[in-house]
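Each chain, written out:
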Amino acid sequence: MKIYNTLTKRKEEFIPLQEGKVSMYVCGPTVYNLIHIGNARPMIVFDSFRRYLEYKGYQVNFVSNFTDVDDKIIKRANEEGISPGEVAEKYIFECKKDMAGMNVKPATTHPRATEEIDGMIDMISTLIEKGYAYEKNGTVYYRTRSFKDYGKLSHKDLDNMQSGLRELKVSGADEKEDSLDFVLWKPRKEGEPYWESPWSQGRPGWHIECSVMSKRYLGEQIDIHAGGEDLIFPHHENEIAQSEACNGKEFARYWMHNAFLNIDNKKMSKSLGNFLLVRDIAEKYDLGVLRFFMLSAHYRSPMNYSVELMDAARSGLERIITAVTRLGGLTGEERELNVKEQEIAVDLEALRAKYEAALDDDFNTADAISSIFEMVKLSNTSVSDNSAKELIKAARQQILELSDVLGLIVEKQEELLDSDVEELIAERAAARKAKNFARADEIRNELLEKGIILEDTRQGVTWKRK
Ligand code: AMP
Ligand code: ZN
């Protein structure tokens, strides 16, 4: 399998550090808001990549963090009149709900920055001891020029960067030895959350968080580090500088970056205000459609969001579902495959190989989906009630399996009967009475996934189908 490595700017054969095992770290969201569909792109892409690695037989240790301390979280907390911890808790919960809706598997570990502060203090201390960092008035800075490989990921030249930065004159720049230096630890301001450290009561910089969480859960050297392409510089460049200076080892072997999801040809982002939330999409479409839409392009190609493309994704997904449902309804004949059917079985296997070849070529999900469409077409035209049972089953299984590798659910979910819904609502009421709110929420979500919306009214609980 080949993947494009941002570090070398080439497609490279993927060889894991340990045979049969893959360690992978994906930078997760800063939790101060509901996630938008731009944030959903890396989640969907790298979850699908992980599923493909698992399909190929690798055991994948997949770590993705939540950044739960940050200026934007503190600002949000002040606006909402709650603590930053409560803001983070709330949006982690909501993010996990959106992930479940998009059929993104939970990571092996989802570390939170605020629970890893000791590790950050340790790493910063080591960097100071080794001469890669220094303290000034309670702030610790990374001495960027001391790391000779700085710029190797983003392919930037330090001297060009310096001239750009000189004009910026960032606040606090005067106390830095060099305008390129970046913050590892900063002292608290009035009213901000803080932790004790040898340098000041304060909190870590964003970049050190990922270096530390990656090391703690995956070790000093990992196979793959991934995220959106806006993270290449400075975030990932700084992670490399911190981790490699501290551990004396190459940090990640392969760096994968997804391109942006745009809207009106501009990056969708919280700061530009041109975003659509995953929740907004869920009101109009099944989130499986969003997933299909994201995977219908190569992950390194920019995508433009439009209603037309989403509608096209809906009918594409529907075409696969219809074919799977039809195959499921065929009875077929209890006999061996005849010659013609043997040929169809061979064609199906060839399409599996084509699908794998697409994904082996830098994870080309667009071509892999085209192969699934070819399987659909082949079964629509060549598999019928007169076919051997075994062929019907093989065609259905293959389409189901290869769709599932991309996280696409193409098997029609059985609808819940009214009586089942009533039963679950009664169980939820009992759980709430027993103050088991976790179970009560779980039931609400379970129902929501099956298209049942609950409303708590003064008269009791009412429900409707989506
Ligand atoms: P943030 O919460 O902004 O740090 O973003 C979390 C993840 O979403 C990062 O990997 C970003 O690179 C990614 N991301 C944010 N906006 C977009 C976008 N419009 N298209 C693709 N990826 C994005
Ligand atoms: Zn990160």
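Analysis parameters
- Residues numbered from 1 in each chain as written.
- Chains lettered and ligands numbered in written order.
- Predicted model: local features only at pLDDT ≥ 70, side-chain atom pairs only at ≥ 80, totals over all residues.
- Heavy atoms only, no water.
- Pairing = 2+ DSSP bridges.
- Helix = DSSP H or I, 4+ residues; strand = E, 2+ residues; numbered from the N terminus.
- Axes fitted to C-alpha atoms, helices over the stretch in contact; angles between N-to-C directions.
- Contact = heavy atoms within 4.5 Å.
- Near = heavy atom within 4 Å.
- Polar contact = N/O pair within 3.5 Å; in protein donor to acceptor, adjacent residues only side chain to side chain.
- Areas by Shrake-Rupley, 256 points an atom, 1.4 Å probe, with all protein chains shown as cover.
- Donors = N, O, S within 2.8 Å, 3.2 Å for Na, K, Ca; no water.
- Tetrahedral: all angles 85-135°; square planar, octahedral: opposite > 155°, others 65-115°.
- Domains from an automatic or database assignment.

To continue, consider the sheet that holds strand E9 (residues 222–228). Strand order in the open sheet made by the four strands is E4-E3-E9-E10, with parallel pairing throughout. Each edge of the sheet is formed by a strand with only one pairing partner; in this case those strands are strand E4 (59–64) and strand E10 (252–258). Looking at each pair of strands side by side, their axes are set apart by 20° on average, direction ignored. With six bridges connecting them, strand E3 (residues 21–26) and E4 associate as parallel partners. Along E4, the bridge assignment pairs Ser 23 with Asn 61. The strands that helix H1 (residues 37–55) touches are E3, E4, E9 and E10; relative to E10, the one it contacts most, it runs at about 135°. Contacting E9 and E10, helix H7 (residues 232–247) crosses the sheet at an angle of about 160° to E9.

So, on to the site of ligand 1. Surrounding ligand 1, one finds 18 residues, the nearest of these being Gly 38, Gly 228, Asp 230, Leu 261 and Met 268. Gly 38 has a polar backbone atom sitting 3.2 Å from a nitrogen atom of ligand 1. Between ligand 1 and the protein, one listed contact pairs an oxygen atom with a side-chain N or O atom of Asn 39 at 3.3 Å. If ligand 1 stood free it would expose 490 Å²; the protein chains cover 90% of that surface. Elements with a minimum of two residues in the shell around ligand 1: H1 and E9.

Quick look at the coordination of the zinc ion (ligand 2) now. Around the zinc ion (ligand 2), the protein supplies Cys 27 (SG), Cys 210 (SG), His 235 (NE2) and Glu 239 (OE) as donor atoms, at distances of 2.0 to 2.8 Å. Metal-centred angles of 69 to 128° between the four donor atoms at the zinc ion (ligand 2) mark the site as irregular. Positions of the donor residues of the zinc ion (ligand 2) along the chain correspond to the pattern C-x182-C-x24-H-x3-E. One end of the pair, Cys 27, is in the loop between E3 and H1; the other, Glu 239, is in helix H7, with 212 residues separating them in the sequence.

Let us look at the pairing of strand E7 (residues 182–187). Alignment of strand E6 (residues 139–142) against E7, held across three bridges, turns out to be antiparallel. Bridge pairing in E7 places Tyr 141 opposite Val 183.

Taken domain by domain, the protein comprises domain 1 (2–258), domain 2 (309–405) and domain 3 (418–465). The distance between the C-alpha centroids of domain 1 and domain 3 comes to 39 Å.

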